[in-house]
Amino acid sequence: MNGIVECKGLEKFEHRGFKVLYKGSIENKQELRDWLLEEGYTLNGEKDIELVAYIIDYLYNGNLTEATRKAQRKIKGSYGFAITNASKAEVVATSNNHPLVIGLGDKQNFIAFDLSSLLSYTKKCCLINNGEICILTPENIVIVSPTGEVINKEEFQVSWDGTMDKGKFEHFMLKEIYEQPDGFKTNLSGRIKNNKVKIEGLELTLEIVKSWKKIAIVACGTSYHAGLIGKGVFENLLHIPVEVEIASEFSYRAPLVDEETLVIVISQSGETADTLVALREAKKKGASVLAITNTLNSTINREADYGVYIWSGPEIAIASTKAFTMMLLAEYLLGIYLGQIKGSISEEKANMLLENIYKLPETASKILAEATQYQKIAEKYYQKENAFFIGRGFDWPISLEGALKLKETSYIHAEGYAAGEFKHGSLALVTEETLMVALCVQQSTYEKTLANVKECKARGAQILALALEGDKEVAKIADDVIYIPRINNFVAPILTVIPLQLLAYYISKARGCSIDQPRNLVKSIVIE
Ligand code: F6R
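Residues numbered from 1 in each chain as written. Predicted model: local features only at pLDDT ≥ 70, side-chain atom pairs only at ≥ 80, totals over all residues. Heavy atoms only, no water.

Considerations on the domain arrangement of the chain
Inference 1: Looking at the chain, the domain boundaries give domain 1 (11–157), domain 2 (172–358) and domain 3 (367–510).
Inference 2: Its C-alpha centre places domain 2 at a distance of 26 Å from the equivalent point of domain 3.
Inference 3: The interface is formed by 28 residues belonging to domain 2 together with 26 residues belonging to domain 3.
Inference 4: Taken together, domain 2 and domain 3 are joined by zero salt bridges.
Inference 5: Taken together, the connections running from domain 2 to domain 3 amount to eight residue pairs in polar contact (both at pLDDT 80 or more).
Inference 6: Taken together, the residues of the side of domain 2 that touches domain 3 break down into 18 nonpolar, 10 polar and no charged. (Domains from an automatic or database assignment. Contact = heavy atoms within 4.5 Å. Salt bridge = Lys/Arg side-chain N within 4 Å of Asp/Glu carboxyl O. Polar contact = N/O pair within 3.5 Å; in protein donor to acceptor, adjacent residues only side chain to side chain. Nonpolar A, V, L, I, M, F, W, Y, C, P; charged D, E, K, R; others polar.)

Right under this line is the structure:
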């Protein structure tokens, strides 16, 4: 049997012997609706998939491949669809600005709209490009170009070891949180020699690195938060200005990037539409694009000029955890690598940073060994309906990430704030019912953050603080304190987030939420 692997969020529709599976977003919907109505179709809903089924039905004259080719020319947007007709045992699929992957099995073949969905079926894959059409039977795969020539595709073997089962863990999210120490080790192995960073596949010269006068980091969601940490890292190590922007805003404001800009796009999936559009916009303007991704052969990877993999292995839970910390580590290593080429970082500083980076696996394991305290804290706070996460400096992006983790998995309304900004309005929301999660890890701003915490405490908020081991001051104000081992402040964000991931996990568990697949969310967002 040939199959269509269903990834999360996939839509299905049947019409007069046609079965359609679809993912994406059609841009010229109204035009297509008007045309179909004129041709006598009754449209029952607003869904794109219904349009695809009727268009194929209209164009079909006994040859599904031909109907698919014609449909492809009519439909504008980012989408992929696969279609079968009851009269023939074949699946025909195509895509436009959307991933489409073929999986090759033993007397069975597969189609998926993202690579990771295939991996529990087969690891032998090939990628389908825009407008190409593939025709699958159990024994055979034919791929044709938009103009009808048969194409020979290169197959590749996915090497991820990550298994798709939860092992001893109740949820993928928890499993993935616990995979972080090993993830750090994987990322470090082979990348540091004689205290010099080397990143596989990245061969940059002094001339190239010096030509970049500015960096613009573009990403969405959790990856955007990683970008905010990246700003501090690259500014410090490379001494050039770094901007960070949400990808969905980047392309629509004529961004000031040019040949002298390095645009760093960050994406776990490597398929996020907003990030991909931003990448294309940056390239159009002549910028060099470097992609930090987790997904080999993803569209973002293929289109970028340079790539750094984060080697997290597949991330199954919708809430991103291990990919975030591996993105941060990739940024630190990239910063040191570029700084060493450019000479903007002293040998002493590089040694000191690498020494601390080497401690990450062990320190992360220590944090994870304290999981029981998170269960207790979760039991105390799980009924809260509002939470604010505050922090300064590097603690601020981690506050944003902590709040995002909590809101997406537990559905508690949670917001992250720069601690100093909180008093400029949001303080009005604080009552006895409010949970304040105060990040007091960064020492250069410690006193100021503590002052902000006191302001919230005075308004009745319950304070859960995150602080470095041995901190006695914070315990005098906070209701509860989570302590993390002392580590150099500059690399601390890579670890500071782990307790917040655990907090979100255990609170969501106490609330009985669908932790791995929160409502309304999908793993990779391939529509703008
Ligand atoms: C949150 C989360 C999302 C993603 C965002 C970008 O836990 O996973 O916010 O970070 O959708 O996805 P990628 O990194 O695949 O581009």
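Now, onward.
Observations concerning the nonpolar core
Inference 1: In this structure, Ile215, Ile264, Ile292, Tyr332, Leu334, Ile336 and Ile498 are the most contacted members of the largest nonpolar core, which totals 99 residues.
Inference 2: If one sorts the elements of this core by residue count, helix 12 (residues 322–342) sits on top with 13 residues.
Inference 3: There are two domains that each give this core at least three residues, and those are domain 2 (172–358) and domain 3 (367–510).
Inference 4: Leaving out residues up to four positions away in the same chain, Ile336 has contacts with Val197, Leu237, Ile345, Ala350, Leu353, Leu354 and Ile357.
Inference 5: Ranked by size, the runner-up nonpolar core spans 28 residues in total, among them Leu51, Ile55, Leu64 and Ala67. (Core = buried A, V, L, I, M, F, W, Y, C linked by side-chain atoms within 4.5 Å. Buried < 20%, exposed > 50% of the residue type's maximum accessible area, 1.4 Å probe, protein only. Helix = DSSP H or I, 4+ residues; strand = E, 2+ residues; numbered from the N terminus.)

Focus on the side chain of Thr434
Inference 1: Positionally, Thr434 belongs in the loop between helix 17 (419–422) and strand 21 (435–440).
Inference 2: Among the polar contacts listed, one links the side chain of Thr434 to the backbone nitrogen of Thr431, at a separation of 2.9 Å.
Inference 3: With sequence-adjacent residues up to four places away left out, Thr434 is seen in contact with Lys384, Asn386, Phe388, Leu429, Ala461 and Gln462.

Remarks on the sheet that holds strand 22 (residues 462–468)
Inference 1: Judged by pairing direction, the sheet is parallel, and its five strands sit side by side in the order 20-19-21-22-23 without closing on themselves. Sheet topology places strand 20 (413–418) and strand 23 (480–484) at the edges, where each strand pairs with a single neighbour. Neighbour-to-neighbour, the strand axes of the sheet open up by a mean angle of 15°, direction not taken into account.
Inference 2: Two elements, strand 21 and strand 22, share six bridges in a ladder whose sense is parallel. Within the sheet, the bridge partner assigned to Val437 lies in strand 22 and is Leu464.
Inference 3: Against the sheet, helix 15 (residues 371–381) makes contact with strand 21, strand 22 and strand 23, and its axis sits at roughly 155° relative to strand 23, the strand it touches most. (Pairing = 2+ DSSP bridges. Axes fitted to C-alpha atoms, helices over the stretch in contact; angles between N-to-C directions.)

A look at the packing of helix 16 (residues 395–410) against helix 19 (residues 493–510)
Inference 1: Taken N-terminus to C-terminus, the directions of helix 16 and helix 19 make an angle of 20°; their axes are 9 Å apart at the nearest point. Between helix 16 and helix 19, the angle is such that the two are roughly parallel. Helix-helix and strand crossings are classified by hand; for helix 16 and helix 19 the assignment is right-handed. Taken together, the residues of helix 19 that come into contact with helix 16 (itself represented by Asp395, Ile398, Glu401, Gly402, Lys405, Leu406, Thr409 and Ser410) are Pro493, Thr496, Val497, Leu500, Ala504, Ile507 and Ser508.
Inference 2: Across the contact of helix 16 with helix 19, the residue classes break down as seven nonpolar, five polar and three charged. (Parallel < 35°, antiparallel > 145°, perpendicular 65-115°, else oblique. Left-handed = near helix turned anticlockwise from the far one by under 90°.)

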